[in-house]
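Observations on chain architecture
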Amino acid sequence: MMAELESLETAAEHERILREIESTDTACIGPTLRSVYDGEEHGRFMEKLEARIRNHDREIEKMCNFHYQGFVDSITELLKVRGEAQKLKNQVTDTNRKLQNEGKEVTMEELKQCRLQQRNISATVDKLTLCLPVLEMYSKLREQMKSKRHYPALKTLEHLEHTYLPQVSHYRFCKIMVDNIPKLREEIKEVSMSDLKDFLESIRKHSDKIGETAMKQVGLVCTHVLEAFGEEEGETFENYYRKQRRKQARLVLQPPSNMGYGFPVNQLFDMLLEIQDQYSETLLKKWSGVFRNILDSDNYSPIPVTNEEVYKKIVGQFPFQDAELEKQAFPKKFPFSEFVPKVYNQIKEFIYACLKFSEDLHLSSTEVDDMIRKSTNLLLTRTLSNCLQNVIKRKNVGLTELVQIIINTTHLEKSCKFLEEFITNITNVLPETVHTTKLYGTTTFKDARHAAEEEIYTNLNQKIDQFLQLADYDWMAMEPGSKASDYLVDLIGFLRSTFAVFTHLPGKVAQTACMSACKHLSTSLMQLLLEAEVRQLTLGALQQFNLDVEECEQFARSGPVPGFQGDTLQLAFIDLRQLLDLFIQWDWSTYLADYGQPTCKYLRVNPTTALILLEKMRDTSRKNNVFAQFRKNERDKQKLIDTVAKQLRSLINSHHS
């Protein structure tokens, strides 16, 4: 009994010494070896050492065999490259020989002639380059005269005369231009005088409608023209202009017969303008309620039409054209819901209400136009925007409603140009008039659309989380099931039906939503696998998890949303795929050998993640194999896991350092 106990102690001591030899630097191995020879069992120790060496040789041979085929493939590729390089060398030599032979046939005379032609062409191009700006300026001058832009025409004529023509004065066509300049200047003078007379005559007829602003603007233009003519010609213009303005002033200062009392009415008009502001605020509050009712009562579904009469009625209410939809047979559907034509018509009603209030304020057309545009901007950017945002942020809003809101706001944004035309038609003030206020409706609808898009992404992720809460994996299962988990099959079905609704969305929105959902699903599955509560797992459980990931990849390959290039959508699951392949194929030699290289097969597998999962499997192996530790295969497997874990820790430490 004592001998057997001593034999076990000796074996344990030898095992400890072998571990020290494997883990200690060569320079410090002396004391370890000395402890072997101090004992009396160094013969048995040598046997154990040789057995350990044979085990390591087998591991090395196994790893070499794994990489041998890659080495052979590399040599084969190198031989192919050598052959191709030889072909390329032969082609270069042949091309050089042909070039030399062809060059012999070209005589020096022909070469000189070609160079002379080249110089002549270059000189011609340079001359034309100098002449082109002159011709462009002359064409611009003619265009300005044709469109009666007299002041710009005079400035262009001045540049042409003093800057451009002197550079090319030796050409015949330039001399003709120089001779023609006085005639052009006289022509501009006569046309400007005629326009001024027509304008002043018009002032006499319509002085009660035009007002001070128009006089200042046209007077300013005339002043620029007379300054461009010079002191002598300008004086004629100025005297004529002042004389006519004095006559008009006398007419304007005579009060009409119905207002001959001479009382000042400025304070009355100021009060009316204050009332106008208050009235505008009252209208905004009223229309806020109107918009809320429209949005709350909408069914957020495309408008169905069964006959031509209904179709024309809706097109008459809202500016919409779609050649493809017109060709379709009845019944058919508009892409937007009922709130689009209703909101559009209510905006027009608001504009009419603003116009009606301004009728008795004795404002100019420009002032009325400015007042209507500013009030409409407030309606769009404040009132309608708040109503849309409230609908989007409601707790019970669904994905279908959000998709329809995006489609609706897209069509309303396109209709803003028609609202601009509508205001122009009722005020008779052109949009290009100076100081005309622009509508900011596009900003309102873009903001609402972006808010709805963000809400879709959030809503989708929340739905995915609800399905994942139903996941019930048996992490200690010894064998996988025959198909993907029920909760995941239901989740994929939900995603398919959801993305089928996205057909009318702008392509980029649908693609972003799909990619966002796949990335969130992939990240959540990874967290499920690595969470701390899962302390142990088996290979069977990992294989079941792999079936679920394959179901996700199949969904990505099926193209749930059009527009993705190649396997772009599958890349959302690449981290999971590489991690699972590494563990199921147990391909640690490849992972450790290629780690850090750009072409690594498991480039997306982080060593920390791999170590966490390996520790879970190692704990399972130890727990389930209490008696199996005496079987050689189990011992080897446990040692291999320990070795891989050690190397992973080394990678992690080297990365941190």
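The following paragraphs examine the structure supplied in this document. If you're wondering where the values come from, they're calculated on a predicted model, not measured in any experiment. (Residues numbered from 1 in each chain as written. Predicted model: local features only at pLDDT ≥ 70, side-chain atom pairs only at ≥ 80, totals over all residues. Heavy atoms only, no water.)

Notes on helix H13 (residues 365–392)
- Taking 1.5 Å as the rise per residue, H13 with 28 residues should run 40 Å; its terminal C-alpha atoms sit 39 Å apart, in good agreement.
- Its axis deflected by about 35° at Ser385, H13 carries its strongest bend there. (Helix = DSSP H or I, 4+ residues; strand = E, 2+ residues; numbered from the N terminus. Expected span 1.5 Å × (residues − 1). Bend = angle between axes of the 7 residues up to and from the residue.)

Considering unusual backbone geometry
- Cis geometry is found at the peptide bond from Phe330 to Pro331, where omega equals -5°.
- Counting through the fold element by element, Pro331 comes out in the loop between helix H11 (323–327) and strand E2 (332–333).
- Phi angles above zero are rare outside glycine, and Asn428 is one such case at about 60°.
- Relative to the assigned elements, Asn428 resides in the loop between helix H15 (416–427) and helix H16 (441–468).
- Of note, the phi angle at Trp586 is positive, near 50°, even though the residue is not glycine.
- Relative to the helices and strands, Trp586 resides in the loop between helix H20 (574–584) and helix H21 (588–594).

Notes on the packing of helix H19 (residues 539–557) against H20
- With their axes 10 Å apart at the nearest point, H19 and H20 run at an angle of 145° to one another. Here the hand of the crossing between H19 and H20 comes out left-handed. Residue-level contacts link Leu539, Leu542, Gln543, Phe545, Asn546, Val549, Glu550 and Glu553 of H19 to Leu576, Arg577, Leu580, Phe583 and Ile584 of H20.
- Across the contact of H19 with H20, the residue classes break down as eight nonpolar, two polar and three charged. (Axes fitted to C-alpha atoms, helices over the stretch in contact; angles between N-to-C directions. Left-handed = near helix turned anticlockwise from the far one by under 90°. Contact = heavy atoms within 4.5 Å. Nonpolar A, V, L, I, M, F, W, Y, C, P; charged D, E, K, R; others polar.)

A short note on the state of the cysteines
- Going through the model one piece at a time under the given rule, you end up with zero disulfides.
- Sulfur of Cys131: no disulfide; nearest cysteine sulfur belongs to Cys174 and is 5.8 Å away.
- Note on Cys131: relative accessible area 9%, which makes it buried. (Disulfide = S-S within 2.5 Å. Buried < 20%, exposed > 50% of the residue type's maximum accessible area, 1.4 Å probe, protein only.)

Points about the pattern of salt bridges
- Here the structure, examined in full by the defined rule, presents 20 salt bridges.
- Arg649 is paired through a salt bridge with Glu615; the nearest N and O atoms lie 2.6 Å apart. Of this pair, Arg649 sits in helix H23 (residues 632–656) while Glu615 is found in helix H22 (residues 607–624), placing the two residues 34 residues apart along the sequence. (Salt bridge = Lys/Arg side-chain N within 4 Å of Asp/Glu carboxyl O.)

Things to note about the packing of aromatic side chains
- Scanning all chains against the criterion turns up 25 aromatic pairs.
- Look at Tyr473 and Tyr487: their rings are 6.0 Å apart centre to centre, the planes differ by 90°, and that puts the pair in the edge-to-face class. Taken together, the residues span a long stretch of sequence, with Tyr473 in the loop between H16 and helix H17 (486–500) and Tyr487 in helix H17 at a distance of 14 residues.
- What makes Tyr473 buried here is its relative accessible area of 13%.
- Taking 5.8 Å as the distance between ring centres and 90° as the angle between the ring planes, the aromatic pair formed by Trp586 and Trp588 counts as edge-to-face.
- The residue whose ring lies beneath Lys332 is Tyr311, and the NZ or CZ to ring-centre distance is 4.6 Å. (Phe/Tyr/Trp six-rings, centres within 6.5 Å; stacked < 30°, edge-to-face > 60°. Lys NZ or Arg CZ within 6 Å of the ring centre and 35° of its normal.)

Such coordinate-based values are descriptive only and should not be taken to indicate function.
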